[in-house]
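Here's the letter readout for the chains.
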Amino acid sequence: DILITHNHEDHMSGFSACLQRCRIKKKKLRLMTGKNIFRILKEQYQPLFSDMDNLIEFTEVMPGTPLMFEGITIESRWNHHFLPYGTLGIKISAGGKTCGISGDTKFSSRINAVVNRPELSPQWFDGCNLILHEIDFFNPDGVHSFWEEVAKIRDTVSGSLYGYHSPQTDSPPIPLVSEGQTFWP
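Residues numbered from 1 in each chain as written. Predicted model: local features only at pLDDT ≥ 70, side-chain atom pairs only at ≥ 80, totals over all residues. Heavy atoms only, no water.

### What about the overall build of the chain?
The criterion, for reference: Numbering of helices and strands runs from the N terminus, with a helix taken as a DSSP run of H or I at least four residues long and a strand as a DSSP run of E at least two residues long. Per-residue accessibility, obtained with a 1.4 Å probe over protein chains only, is compared with the maximum for each type, and a residue is labelled buried under 20%, exposed over 50%, and partly exposed between these values. Residue contacts follow a heavy-atom distance rule, with two residues in contact if any of their heavy atoms lie within 4.5 Å.
Helix and strand counts for the chain come out as five helices and nine strands. Each of the three principal axes of the chain carries a C-alpha extent, and together these read 50 × 35 × 35 Å. In the chain, buried positions account for 46% of the 185 residues. Considering only residue pairs separated by 6 or more positions, the chain has 63% of its internal contacts joining residues 24 or more positions apart.

Here is the structure:
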C-alpha cells in the first residue's frame, strides 16, 4: 500500500521500482491518492508502464472524507501549493495515536487570512501526537513554509512537531526528522 501526496520525485522516490516489482510478482499495488494526482501519475508513468492499469488498485483519497482500512484512518486536505492539480496533507490515526503530515504546502498566516480555508489553519493538527511539517529555514518568500510560520503551528498544538524537506542545518529552531528516526513502536 502506498499513499502519494503529489507527484514530485522527492516525495515518491521508488514508485517506479514498486510498479516494476508488482509487474514481476504479478500483484497489484494499492495506491491511495487524489483523483487529479492519480491522473498526472498515469501520464508520467505510462511511457514506462503501459500496463499500469493492471498494476494498480486505485483508492481515491477525498479531502473531507476519512478513508478507513485495516484499523487505520486517513484524513486529508488539499494544501495551498502552486501545483494546479493539488497536493495533499494527511493525518493517519491508528492504535490510539495520530500523525499529521503537511505534504508540500505554503503555510502562511497572511495567505490563510485571504483564502479563509479552516483546514489550512494550525487547528487542523489538533489531536495529533506527532506533526511532520515541510519547512524552509532560509527563504521566507519561497514556495514552502518558512520556519517562523511553522513555529506558529508548533506553538498552537500539543503534539510534537518536526520539520522535513529542508537540508540539515546546525541548531535548527525547529528540529528536523532524521533518516531512520522512529517515534513510537
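### A closer look at the pairing of strand 8 (residues 130–134)
Heads up, the rule is: Paired strands are those between which DSSP finds at least two bridges. Orient the strands so they point away from the viewer, and a crossover whose first-strand-to-second-strand path over the helix runs clockwise is right-handed.
Most of strand 8 sits inside the fold, with five of its five residues counted as buried. Taking every second residue as pointing to the same face, both faces of strand 8 are buried, with Leu130, Leu132 and Glu134 on one and Ile131 and His133 on the other. Looking at chain direction, strand 7 (residues 97–101) and strand 8 are connected through three bridges and run parallel. From the neighbouring strand, isoleucine 101 faces strand 8, where its bridge partner is leucine 132. Once the chain exits strand 8 it traverses helix 5 (residues 147–156) before rejoining the sheet at strand 9 (residues 160–164), and the crossover so formed is right-handed.

### With respect to the environment of phenylalanine 125
Along the chain, the position of phenylalanine 125 falls in the loop between helix 4 (109–115) and strand 8. Beyond its immediate stretch of four places on either side in the chain, phenylalanine 125 contacts Arg77, Gly100, Ile101, Ser102, Ile131, His133, Ile153 and Val157.

### A look at the state of the cysteines
Heads up, the condition is: Only a pair of cysteine sulfur atoms within 2.5 Å counts as a disulfide in this structure description.
Under the defined criterion, the tally for this structure stands at zero disulfides. Of all cysteine sulfurs in the structure, the one in cysteine 128 sits closest to cysteine 99, which takes part in no disulfide; the separation is 7.1 Å.

### Section: the environment of isoleucine 131
Note that isoleucine 131 resides in strand 8. Residues isoleucine 131 and serine 102 lie 29 residues apart in sequence; the distance between their C-alpha atoms is 7.7 Å. Excluding residues that lie within four positions of it along the chain, isoleucine 131 makes contacts with Gly100, Phe125, Val157, Ser160, Leu161 and Tyr162.

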